[in-house]
Protein chains: 2
Amino acid sequence: MSDVYAARRTRLREYCNAGGSAAALVSRPANVRYLAGAAPRGAVLLLGKTEDLLVCGGPTAGRPGQERPDETLRVQILPPAGGGDPVVAAGDLAAGQGADSLAVEEHHLTVARHRALGSVAPRLRLADLGSAVEQLRVVKDEEEISCLRIGAEIADQALGELLESILVGRTERHLALELERRLVDHGADGPAFPTSVATGPNAGRPGHRPTDRRVEEGDFLSVCLGATYRGYRCEIGRTFVIGTAPADWQIELYDLVFAAQRAGRESLVPGAACRDVDRAARQVLDSAGYTEGLTALTGHGVGLEIDEDPQLSPAAMGKLDACVPVTVEPGVHLPGRGGVRIDDTLVVRPEADGGPELLTITTKELLAL
Amino acid sequence: MSDVYAARRTRLREYCNAGGSAAALVSRPANVRYLAGAAPRGAVLLLGKTEDLLVCGGPTAGRPGQERPDETLRVQILPPAGGGDPVVAAGDLAAGQGADSLAVEEHHLTVARHRALGSVAPRLRLADLGSAVEQLRVVKDEEEISCLRIGAEIADQALGELLESILVGRTERHLALELERRLVDHGADGPAFPTSVATGPNAGRPGHRPTDRRVEEGDFLSVCLGATYRGYRCEIGRTFVIGTAPADWQIELYDLVFAAQRAGRESLVPGAACRDVDRAARQVLDSAGYTEGLTALTGHGVGLEIDEDPQLSPAAMGKLDACVPVTVEPGVHLPGRGGVRIDDTLVVRPEADGGPELLTITTKELLAL
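Residues numbered from 1 in each chain as written. Chains lettered and ligands numbered in written order. Predicted model: local features only at pLDDT ≥ 70, side-chain atom pairs only at ≥ 80, totals over all residues. Heavy atoms only, no water.

(A) Main features of the packing of aromatic side chains. All names here are of chain A. Counted according to the given criterion, the structure contains 2 aromatic pairs over all chains. Between the aromatic rings of F220 and W249, the centroid separation amounts to 5.5 Å while the plane-to-plane angle is 85°, which identifies the pairing as edge-to-face. Taken together, the positions of F220 in strand β9 (residues 220-225) and W249 in helix α8 (residues 248-266) put the pair 29 residues apart, joining distant regions of the chain. Among the residues examined, W249 registers a relative accessible area of 28% and is labelled partly exposed. Here R337 stacks its cationic end above the ring of W249, 4.3 Å away from the centre of that ring. (Phe/Tyr/Trp six-rings, centres within 6.5 Å; stacked < 30°, edge-to-face > 60°. Helix = DSSP H or I, 4+ residues; strand = E, 2+ residues; numbered from the N terminus. Buried < 20%, exposed > 50% of the residue type's maximum accessible area, 1.4 Å probe, protein only. Lys NZ or Arg CZ within 6 Å of the ring centre and 35° of its normal.)

This is the structure we're talking about:
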């Protein structure tokens, strides 16, 4: 694995050198992890002129139960008390290595830390690394996809077990906690994001936080969860009906969202414009009259963070590449009545390889539980 | 409650005006919540020249299951797609109100957002608000302390129930999840921070993340958890022995840490220097020869965040005031053997009012479970 991290750092170094910076300071935790194999709390990565260093704020690196940094990378641990800010220490080290320019993540670094960095190394010209590391992260290697695939299996298992239990009378909060416990039981590092369980009028609401409302007969029940496995985060969302038979309006709404989600999934081909994938899903809902209250996105990339590039939205620029994992998650919420969301994680693959690879395989038939 | 938030904003406005800024932009979520009663994801608070505004990035404000913003405050919701950054929108609004200077939280705002703010309102002079809101938050009112007290009761209940169950053979991860479930069962919004359960050689390690190690006879078991109640976060930590009788070294180590923790608690009086409280606890461990591996802090403030000012450390400046809630949490960890941590949340009170108020009341006797 060390080769992987070193190769990623080489790509970033080439990018920086081409931009005129001899050194780069990576502070966003997911970016640090991507390049160093681990991101102890507060740690930053210096891509130095002569040597790369993982600079940590205290004796937290390499603790049991946490990921370990790439062994080829030198780890510098600052003294626990008064050791100062790793960002500032890294700036000092960069200047010490003779770098005259340092690219930093201006979209992550605070104004105060940026200023402190300027003070400790006044001869260092501070440039903007922009989202260079985020862009490197968009296309995944098979090792990364394998972590997502295992995470998706875990989420499918947790969801499947929940469906076998009695649901009526239990609260959204309890169901969400139960799902999170099952994720960990099956080997997840933890949930990929706060599990959402929404019943009745709450169902289908994007990002709903579980309440004390109990599941009732006749409810829509929508669930959105994901597992983190070796740092990689996936997402699955399903909507069910509680009781013996769904009402007509429930079947109609479900079929509509299902059609929208399928249209989105089927448009996932290498080279497709992100906005076209969004439009494929969105226009199914639009043409049925659901223009109000749609979310800004119908999907997004996943990886070391749950919400990464690309964004599948009307204003999105750019095209999809092969080996990019994305969610497809359209939904409709009717205020006061509830709604439907269906959400999968898929990997974009060329048609010759069988088309988009579905990672979250729980059925999307409308189940009456 | 609206009066409370308006009064807090008045105090901040007076501070800003004294510093020469007609307006302030608060972006750190806990600070937004403190001043507005709610902090929808991404929302910022503009303390304007003519009107205060809570600027939100999308239709997320006031959702069921979440806190509601102060009703006297106008809420501005940006359109979901392409509505832009609430920070930038707030800068535009501040300029529109005729402010010539805007104080921002440079320790929270990123360089990129700061620059975007400068571009949208080039005539607005950007100043630094510093940690003015954090400093307002240090001394709590009785309403805030009441939330912390309820949170502490919930944490005590969850811990008490765990102690009545069979522990041997269960993993750290399962015990941590069980505690978090019980916190929510008893009415917590959620855990105040990731619950730490540490057994055997892991016991007593600060910030230990639960592993798959199982509880064994003869282990030390240390647990650190907290509840969030109406946004307020408390903390309790205890260490137990598994089995019929603790070994001599376990009793000695426990008694030592207990003495250190008691010394810290007893030094919590209004007017005490923070570093003296730290020293009171630390010197008990120091004089027994445990100088290596002590944590940088022996305690810290709690409130809307789990780690607030004041810091109880050797280098801390400042004194304690009445009505400041802090943790006192010394510990010793012996590599390969385990260790002891004891952690309470207390409120500093004058001697005339009975001295420090202990919020976390679970026994600190050494229990053999």
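Still to come is the rest of the account.
(B) Summary view of helix α7 (residues 172-185) of chain B. For α7 of chain B, spanning 14 residues, the distance from its first C-alpha to its last is 20 Å, which sits close to the expected 20 Å at 1.5 Å a residue. Every buried residue of α7 of chain B is accounted for by E172, R173, L175, A176, L177, E178, L179, E180, R182, L183 and V184 of chain B. Those residues of α7 of chain B that are buried are in contact with α7 (172-185) of chain A together with α6 (142-163), β7 (190-191), β8 (196-199), β9 (220-225) and β10 (227-229) of chain B. Positive phi shows up at G187 of chain B, right after α7 of chain B, with a value of about 105°. (Expected span 1.5 Å × (residues − 1). Contact = heavy atoms within 4.5 Å.)

(C) Structural view of the relation of the copies chain A and chain B. When chain A is brought onto chain B, the operation consists of a screw motion whose angular component is 180° and whose axial shift is 0.0 Å, with 0.0 Å RMSD remaining. When the rotation and shift are considered jointly, the pair of chain copies conforms to a two-fold rotation axis. For chain A, the smallest separation between a C-alpha atom and the rotation axis is recorded for T110 of chain A, amounting to 2.0 Å. A high fraction, 100%, of the interface residues of chain A reappear at the interface in chain B, so the copies pair face to face through one surface. (Least-squares fit on C-alpha atoms with pLDDT ≥ 70 in both.)

(D) A look at the packing of α8 of chain A against helix α9 (residues 274-287) of chain A. Residue and element names in this part refer to chain A. Between α8 and α9, the shortest axis-to-axis distance is 7 Å and the interhelical angle comes to 165°. When the axis of α8 is compared with that of α9, the two are roughly antiparallel. Note that α8 runs across α9; the crossing there is right-handed. Residues L256, V257, A259, A260, A263 and G264 of α8 form the contact with α9, whose participating residues are V277, A280, A281, V284 and L285. Each residue belonging to the contact of α8 with α9 can be placed in one class, and the counts come to 10 nonpolar, 1 polar and no charged. (Axes fitted to C-alpha atoms, helices over the stretch in contact; angles between N-to-C directions. Parallel < 35°, antiparallel > 145°, perpendicular 65-115°, else oblique. Left-handed = near helix turned anticlockwise from the far one by under 90°. Nonpolar A, V, L, I, M, F, W, Y, C, P; charged D, E, K, R; others polar.)

(E) Layout of the sheet that holds strand β4 (residues 74-77) of chain B. Residues and elements named next belong to chain B. Spatially, the 6 strands line up as an open sheet ordered β4-β3-β2-β1-β5-β6, and their pairing is mixed. The sheet is open, and its two borders are formed by β4 and β6 (125-128), each paired with just one other strand. Neighbour to neighbour, the strand axes of the sheet diverge by 25° on average, direction disregarded. Strand direction decides the pairing type here: strand β5 (residues 101-104) and β6, joined by 4 bridges, are parallel. Bridge assignment links A103 to a residue of β6, and that residue is A127. (Pairing = 2+ DSSP bridges.)

(F) Here's a closer look at the layout of surface pockets. All names here are of chain A. The calculated volume of the second largest pocket comes to roughly 210 Å³. For the second largest pocket, the lining is made up of 15 residues, of which Q135, C274, D309, P310 and M317 are closest to its centre. Going through the elements one at a time, α5 (132-138) and β14 (308-312) are the ones with two or more residues in the lining of the second largest pocket. Examining the composition of the lining of the second largest pocket, we find that 3 residues originate from one element, β14, more than from any other. The residue inventory of the lining of the second largest pocket, partitioned by class, reads 8 nonpolar, 4 polar and 3 charged. (1 Å grid on protein atoms, 1.4 Å probe; cavity = no way out; pocket = protein on both sides within 12 Å on 5 of 7 lines; lining within 4 Å. Points joined across faces, edges and corners; volume = space filled by probe spheres on them.)

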